[in-house]
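Coordinates in review
Okay, here's what each chain looks like letter by letter:
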Amino acid sequence: MSDSTTIKINYDSPKDLEGKLPSEVVVIPILNTPIYPGMIAPVVMSEEKYTSELDDYVGKVGYISLNLVKYKEEERSEEEDDSENKEFNPSIEFEADVFDEEDLDSIKSKDLYKVGVICKVVKKLKLPDGSVNLLVHGLKRYRAKKFVSDEKLIIAKPEVYDDILNHDEELDAYTRSVINQVKKLSEINPYFNEEMKLAMLNSPSPGALADLVAFSLSLDILEAQDFVETLVVKKRFAKLLVYLRREKDVADIQKKITDEVNDKVNKYQREYYLKEQLKIIRGELGLDDDDKSKEVKRIQEELETRDIPEDVLKVAKEELERLQNIPETSPEYNVTRTYLNWIVDLPWDKSSEKDIDIDEAEKILSKDHYGLEKAKQRILEFLAVRKIKNDYDGTILCLAGPPGVGKTSMGKSIAKALGRKFYRFSLGGMRDEAEIKGHRKTYVGAMPGKLLQALKRVEVNNPVLMLDEIDKLGQSYQGDPASALLEVLDPEQNKTFIDNYLDVPFDLSKVLFVATANYVGEIPEALLDRMELITLSGYTLEEKVIIANKWVIPKQLKKHGLKKEDFQLKTTVIKQLIHDYAREAGVRSLEQIVAKLCRIAVLEKVKRKSKKSKKFSPEISSLEKYLGPKRFSSEKLEKTLSPGIVTGLAWTAYGGDILQVESIPLLGKGFKLTGQLGDVMNESANLAYSYVKSILQEDEIKEKKKKTSKKKKENSEEEEDFLASHEVHLHLPAGATPKDGPSAGITMALALYSLANNKKIRTTLGMTGELSLTGKVLPVGGIKEKVLAAKRAGLKEIILPFNNKKDLKEVPERHRKGLKFYPVKHFDEVLKIAFPRKK
C-alpha cells in the first residue's frame, strides 16, 4: 500500500450513520499514517492485493475498515479491553521485524491492532498499471470485538465508538492553544497553508479539529495508533500539543541550520564578487596587484630564473596554474601555495665549496682535536680525493666511539675544512618514517622530512649533514626510520630521492653525510653496510691532561669570565681529578668538573671583592672538599686479591673498563650466577665452569695413579673434585649494570680454578679472551679500549688472545709503555702465567 494523501474533508453526523454501518466489515491492513474520521483519502492497492473477493465485497457492502499493522501487543484481559471510559491504550513495544508491502498477504488478524477506523468507499478507480485506487471516507473509530474470518479476507465484527466530549472552558482553552500553535508553525512549515487553516476553522467539532491536525503531522506508527485509540477529546488535544511543540522545535532547528548555511554561502559569494571587482578597478587605475597576484608573480619569476630540473619545473607550473584558479578563501589555496614555496625555496642550484687545501685542513683538524690520528688520517684521505675529483660522492662516514670523544666536533671540522655549511639533527628516539621522508601533502599540516628541511635552512645543496645518534633509532607502527635511511645513505639511490611531500626527485648525492654512533652493534646491518666506519677510541690519562690544558680550561675560563691569573690547575691536580672523577673515555665529565671548579672560583672572587684578589688553585687534598666524594675507587690500593677473584677487561659503549670476577664456595652442590648477565655471558660462564671441572677431574685421576702412599691418598680424597662437592657462586659487579659478551671467558675460568685450588692471583694482572669448551682462547674486540682501561687502572700485565696481538699496533707506543702483554692460544698458558712455578 502506498502513502495516502488527504484530498477532501467531509463529516457525517452520528444520526446520518445510524443503521448504515454493516454488522461485519472487511479489515484492510495499512503500514503508514491512518485515515481519521472525516478524512477522504485514496488507498492504492496492487493488482495482487485487490482480489476478486475484495472487489465483490466492496461492490455489495461499500464499507471497509483500516487497521494499522502492529509491532507487538501484549496480552490484555477482557476487563482491560472494556474500560469504563472506553480508552484503548495497549502496551506497545517496538520489534525489529516489521511488515512491508510484500508481507501483506501473510498478515493475519493477530498481527493487527484491534482499534481502527471504518471507512466508506466513495469511488473505485483502476489505474493503467493494474493497481486499484479506492477513494475512502473515514467515518468512525471502532474496535474489532471478534474476527470472524481470517482466510481470504479478514472480517471483523465492529463495535463503533463516538468521541467523548465535555464542553467546558478547559476544552475551549485546548482548542485555542492548538489553533495558535498551528498558526505559529505555519510561519516556518509550508505544509500548514491557508487552505489548512480554513479547514481547521470550519471543523464541525473539536474532535474533528484534533484529527485534522494529527493527520497533518508526521506521527510514527505507535503515536498514530495511540491517537486513534484516544476517545476523550481533551486527552487527544493534550497529546496533540506535545506533538506540535516537538514539530515546532524541529522546524526551528531546521530553519537555524538553513539560515547559517545561507549566511556562509552569501558571505563567500559577496567576498568573491567584491575581490573580483576590486581586481578590475585596480587594473583600470594601474594600481599594484593584490596579494594573490603578487604571490603568483613572485613564484613565477623564481621558477623562470632558477635552474630547476625539467620534471620538477613541469609539476611546479601545473601547480602554479592551479593556484591561479583557486579562490584565496579556499583551503586548497594555502596548501598549493605552501607546496610551491617549498619548491622555490629548496637549493636546487645553489652550492658552496672552496678549493681544498690539505695543509690547512690538517691544521684545522689538529687545532680542534688532539689525538685521534687514525680518524684524522681517513678524513684527510677523503679530502684529498675530493680535491682531485670534485664529483666524488661515493663515501658516507660513520664516526663511532664513546660519548665525549669529539664525534660531533669532528663533523664540524670536516665542514670547515671543506668550506661547506654544517647542519646537525639527532636521530635518537625517532620512530616515525615520515620524519625522514615527509608526509603526503593531502594531510593537514603536512611538511617535508628533516632532510629537505635542513637543506632549506642551509640554503645550499652540498652541506655537511650530521646524522647524530644513528644507533638510537626507534621503530613503531608508524614505520621504521632506519629503513627509510637506506635510500638516503645509498649513493646509487639518493640521486633521485623522493620526499613524500614534494613527490618529485631531489639530488642528495652532493650532500656529505656524517653519522655518529656510540655502539655500532645497535645499527641495522643493511644501514651499516652503506657507511664507512671510523672508530674514535677513548683518551688516555696523558691525552686528557693535554686536552684539559689546551682546550677545556681556556674554554671554561672564557665562559665564566675568569682570567689566567684568577684560576689555575696544576698537572698533578688534573691527573688526580681525572683519576678520581673523570675516568670516562671522553672528556665531557672532565669539562663538567672544570666548569664546577670555575664556578667555585667565581664565587670566591666575588666574596673577596673588597680584599686583594687571590688565584684559585686547589690542591689534591682539597678536591673532595669542592667536588665531593670520589666517583671512582682506586684498584691499585688493593694489595692482594682473595682466591676466586680475578681482574678482567671489558668494553662498554663509553670505552674500556676493568671488571673483577668474584667467586665463593658454599655448602651444597651447583653453580649460581649473578650480576645481570646476558645470554651470551651466561653461556660463557657455564662453559668455563664445565671446562675447569674437567681440568680438576683430570688432576684427580693423575693423583690417584701415583699411589705413592696412604697419606697422599687420604689427602687426595679430601681435595678431590672441589666443584662437584661444593656449590659455587660467581658474581660480576656492579650488579645494576647489564653485561653480555664472551670476552670474560678466561677470566671466569681462572676465577673458578683459583677458588678450587685456593690460590691467589696477582693484583696487577688483567685479562680478556673468549674460552672454548676445549680450552682454546679465541679473539675478542675492543683491544685498544681495554688496554687504555688497564693503563688507567694501574695494571702491569695483560693476558690476551694470540690472534689479537696484531690489534696492539693500534695502541700508540706511549700507551703500551709500562705494560707487559701475554698473547696466549690455550688456557694452559693462562694458568702458567697466573701461577708461575717457583724456581
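Heads up: the structure comes first, above all this text.
About the criteria used
Residues numbered from 1 in each chain as written. Predicted model: local features only at pLDDT ≥ 70, side-chain atom pairs only at ≥ 80, totals over all residues. Heavy atoms only, no water. Helix = DSSP H or I, 4+ residues; strand = E, 2+ residues; numbered from the N terminus. Buried < 20%, exposed > 50% of the residue type's maximum accessible area, 1.4 Å probe, protein only. Patch = residues over 30% accessible without salt bridge, like charges linked within 9 Å, V, L, I, M, F, W, Y side chains within 5 Å. Areas by Shrake-Rupley, 256 points an atom, 1.4 Å probe, with all protein chains shown as cover. Salt bridge = Lys/Arg side-chain N within 4 Å of Asp/Glu carboxyl O. Core = buried A, V, L, I, M, F, W, Y, C linked by side-chain atoms within 4.5 Å. Contact = heavy atoms within 4.5 Å. Polar contact = N/O pair within 3.5 Å; in protein donor to acceptor, adjacent residues only side chain to side chain. Pairing = 2+ DSSP bridges. Axes fitted to C-alpha atoms, helices over the stretch in contact; angles between N-to-C directions.

**What about the environment of Phe632?**
Mapped onto the secondary structure, Phe632 falls in the loop between helix 22 (623–627) and strand 15 (646–652). For Phe632, a relative accessible area of 24% translates into the label partly exposed. For the pair Phe632 and Ile578, spaced 54 residues apart in the sequence, the C-alpha separation amounts to 9.7 Å.

**Let's talk about a nonpolar patch on the surface**
Together, Ile253, Ile257, Val261 and Val265 line one region of the surface with nonpolar side chains, adding up to about 340 Å² of accessible area. Relative to the helices and strands, Ile253 is located in helix 8 (residues 233–285). Overall, the relative accessible area of 51% leaves Ile253 in the exposed class.

**Description of the nonpolar core**
The nonpolar side chains of soluble globular proteins are, as a tendency, buried together. Residues Tyr36, Leu66, Val136, Val213 and Leu240 are the most contacted members of the largest nonpolar core, which totals 53 residues. Beyond its immediate sequence surroundings of up to four residues, Leu66 is in contact with Ile28, Ile30, Ile35, Val43, Gly116, Val117, Cys119 and Val136. Residues Ile379, Ile574, Leu590 and Phe616 belong to the second largest nonpolar core, which totals 52 residues.

**Concerning the side chain of Lys437**
With respect to the element layout, Lys437 can be found in helix 15 (residues 434–437). A polar side-chain atom of Lys437 sits 3.1 Å from a polar atom in the side chain of Glu487. When residues no more than four places from it in sequence are discounted, the contact partners of Lys437 are Gly449, Ala484, Glu487, Phe497, Ile498, Asp499, Asn500 and Tyr501.

**Focus on the pattern of salt bridges**
Applying the stated rule across the entire model yields 35 salt bridges. A salt bridge links Glu53 to Lys152; the shortest N-O distance between them is 3.5 Å. Of this pair, Glu53 sits in helix 2 (residues 52–60) while Lys152 sits in the loop between strand 6 (132–150) and strand 7 (154–161), and the two are 99 residues apart along the sequence. What makes Lys152 exposed here is its relative accessible area of 66%. Each of Arg141, Asp163, Asp211 and Arg236 takes part in one network of salt bridges that share partners.

**What to know about the side chain of Ser772**
By the secondary structure assignment, Ser772 is in the loop between strand 20 (770–771) and strand 21 (777–778). Contact partners of Ser772, with chain neighbours within four places excluded, come to Leu687 and Leu778.

**Observations concerning unusual backbone geometry**
Backbone geometry places Glu459, a non-glycine residue, at a positive phi of 65°. Considering the arrangement of structural elements, one finds Glu459 in the loop between helix 16 (450–458) and strand 10 (464–468). Backbone geometry at Glu469 places phi at a positive 55°, although glycine is not the residue there. Here Glu469 is to be found in the loop between strand 10 and helix 17 (481–488).

**Here we look at the sheet that holds strand 10**
If you walk across this open sheet you meet the five strands as 9-10-13-8-14, and the pairing is parallel. Looking along the sheet, the strands with just one partner apiece sit at the ends: strand 9 (422–426) and strand 14 (532–535). Geometrically, the sheet is characterised by an average inter-axis angle of 25° between neighbouring strands, direction not taken into account. As paired strands, strand 8 (residues 397–400) and strand 14 are joined by four bridges and run parallel to one another.

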